[in-house]
Amino acid sequence: MIVHLGWIAAALAAPAASLHDSFNSQQAYAYTAQIAAFGERWPESPGHRKTEDLIHQVLQKDGARAEADDFTAATPRGPIAVHNIIGKFNVTADPKQPIFILAGHYDTLFQPGFIGANDGASSTAILLAFADALAGRKTKMQIWLVWTDLEEAIHTFDDDDGLYGSRHLAQQLAANGTASRIRGFFLLDMIGDKDLGVARETGSDRGLQDFIARAAAQLGYSQDFFQYQIDIIDDHVPFIRAGVPSVDVVDAMYGRMGPQFDSMGEFHHSNADTMDKVSRRSLEIVGRTILLTVELLDR
Ligand SMILES: [Zn+2]
């Protein structure tokens, strides 16, 4: 009995694990494998529905406030139902409480046989692991996890094709005045690549990138971040246009590079984007770094 009480006292005295130390990379990898195994996940496909169900299950388990941004997009393939999913943590009654958004797309390319273990599954999964880390944990900022839908273009990325979900959500948040409360927006994309190298994306907010660099340095991961520069059209662009400081946290070199390959590497938008190209270690590096960055910004 005395031993038992002593154990309780010790447990109460021990500081709670920090947010970034609560990130479970093994679980993040397991989520990635589970989602990749759902198969093709373009909007309205069975794999897409299974992914939506999994996101909702995890948000419910972790005590998030789940919200939807549903609409029908006019696309070159005709009308498509689009479902952005938002999980909110630490919402207070303060109408001025700052908001921080961590986002990633959960749809995959319309391409038969495309599994997107890295391009789609890894970003979807890291957000699920963020939900698990945020469960029951206090932050001053309201943290939103946003799974964007129909990021992929039907034909090519231009003003009317691609980024359907993020364009809609950013416009909504700008129109209802919420955008001005958003302290920052981090987009995670293709961060499961086992040969990890996060780009310094040139359209992104430099000050927020410097916070990420500080967090990476603190954790000993500096060599995995910002060793090359590139300009990318991705789900952060509509948020930049809405006036939200945004960063694309993206590994833009997936497999071998060269003129014979896609501009983002040999496995980008290739049916070879499979689980053997993804590692638990890369998810751990990005997951811990991003959550420590949130902690630095939350002070
Ligand atoms: Zn893609």
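Residues numbered from 1 in each chain as written. Predicted model: local features only at pLDDT ≥ 70, side-chain atom pairs only at ≥ 80, totals over all residues. Heavy atoms only, no water.

Caption draft 1: The arrangement of the nonpolar core in detail. One finds Leu102, Phe130, Leu145, Phe186 and Val249 to be the most contacted residues of the largest nonpolar core, which totals 57 residues. Sorting elements by how many residues they give to this core places helix H4 (residues 117–134) first, with 11 residues. Setting aside chain neighbours within four positions, we find Leu102 in contact with Leu127, Phe130, Ile143, Trp144, Leu145, Val146, Phe186, Ile290, Leu291 and Val294. Core analysis: the next-biggest nonpolar cluster, separate from the first, contains 15 residues, Ile99, Ala103, Ile182 and Leu187 among them. (Core = buried A, V, L, I, M, F, W, Y, C linked by side-chain atoms within 4.5 Å. Buried < 20%, exposed > 50% of the residue type's maximum accessible area, 1.4 Å probe, protein only. Helix = DSSP H or I, 4+ residues; strand = E, 2+ residues; numbered from the N terminus. Contact = heavy atoms within 4.5 Å.)

Caption draft 2: Layout of the packing of helix H2 (residues 25–36) against helix H3 (residues 46–61). The N-to-C vectors of H2 and H3 enclose an angle of 150°; their axes lie 10 Å apart at closest approach. When the axis of H2 is compared with that of H3, the two are roughly antiparallel. Where H2 crosses over H3, the handedness of that crossing is right-handed. Here H2 contributes Tyr31, Gln34 and Ile35 to the contact with H3, which in turn contributes Thr51, Leu54, Val58 and Lys61. (Axes fitted to C-alpha atoms, helices over the stretch in contact; angles between N-to-C directions. Parallel < 35°, antiparallel > 145°, perpendicular 65-115°, else oblique. Left-handed = near helix turned anticlockwise from the far one by under 90°.)

Caption draft 3: Structural detail: H3. Over its 16 residues, H3 runs 23 Å from end to end, which matches the ideal 22 Å to within 8%, given 1.5 Å per residue. At its buried positions, H3 is contacted by H2, strand E1 (65–75), strand E2 (78–89), H4 and strand E4 (142–148). Downstream of H3 by a residue or two, Gly63 has a phi angle that is positive, lying close to 75°. (Expected span 1.5 Å × (residues − 1).)

Caption draft 4: Seen up close, the coordination of the zinc ion. Only Asp119 (OD), Glu152 (OE) and His269 (NE2) from the protein reach the zinc ion as donors, at distances of 2.0 to 2.2 Å. Mapped onto the polypeptide sequence, the residues donating to the zinc ion form the spacing pattern D-x32-E-x116-H. Pair noted here: Asp119 is in helix H4 and Glu152 is in the loop between E4 and helix H5 (164–175), with a separation of 33 residues, a long-range link. One exposure class covers both Asp119 and Glu152, and it is buried. (Donors = N, O, S within 2.8 Å, 3.2 Å for Na, K, Ca; no water.)

Caption draft 5: Representation of the pairing of strand E3 (residues 99–105) within the structure. By the criterion of burial, E3 is predominantly enclosed, with 7 of the 7 residues buried. Side chains Ile99, Ile101, Ala103 and His105 project from E3 onto one buried face, and the interleaved Phe100, Leu102 and Gly104 project onto a second face that is buried too. As judged from the 7 bridges shared by E3 and E4, these two strands associate in the parallel manner. Within E4, the position partnered with Ile101 by the bridge is Trp144. In terms of handedness, the path from E3 via H4 over to E4 forms a crossover that is right-handed. (Pairing = 2+ DSSP bridges. Right-handed = clockwise from strand over helix to strand, strands pointing away.)

Caption draft 6: Examining the packing of aromatic side chains more closely. All told, the structure shown has 6 aromatic pairs when counted by the stated rule. Judged by centre distance (5.7 Å) and plane angle (55°), the ring pair of Phe23 and Phe130 falls under tilted. Of this pair, Phe23 sits in the loop between helix H1 (2–13) and H2 while Phe130 sits in helix H4, placing them 107 residues apart in sequence. Side by side, Phe23 and Phe130 carry an identical accessibility label, which is buried. With 5.8 Å between their ring centres and 65° between their planes, Phe225 and Phe226 make a pair best called edge-to-face. Note on Phe225: relative accessible area 4%, which makes it buried. Directly above the aromatic system of Phe226 lies the positively charged group of Arg200, at a separation of 4.6 Å from the ring centroid. Just above the ring of Phe267 sits the side chain of Lys277; from NZ or CZ to the centre is 4.8 Å. (Phe/Tyr/Trp six-rings, centres within 6.5 Å; stacked < 30°, edge-to-face > 60°. Lys NZ or Arg CZ within 6 Å of the ring centre and 35° of its normal.)

Caption draft 7: Representation of the side chain of Thr293. Checked against the element boundaries, Thr293 lands in helix H8 (residues 280–298). A relative accessible area of 0% means that Thr293 is categorised as buried. A distance of 2.7 Å separates the side chain of Thr293 from the backbone oxygen of Thr289, its partner in a polar contact. Contacts of Thr293, omitting those with residues within four sequence positions, involve Phe186, Phe211, Ile212 and Ala215. (Polar contact = N/O pair within 3.5 Å; in protein donor to acceptor, adjacent residues only side chain to side chain.)

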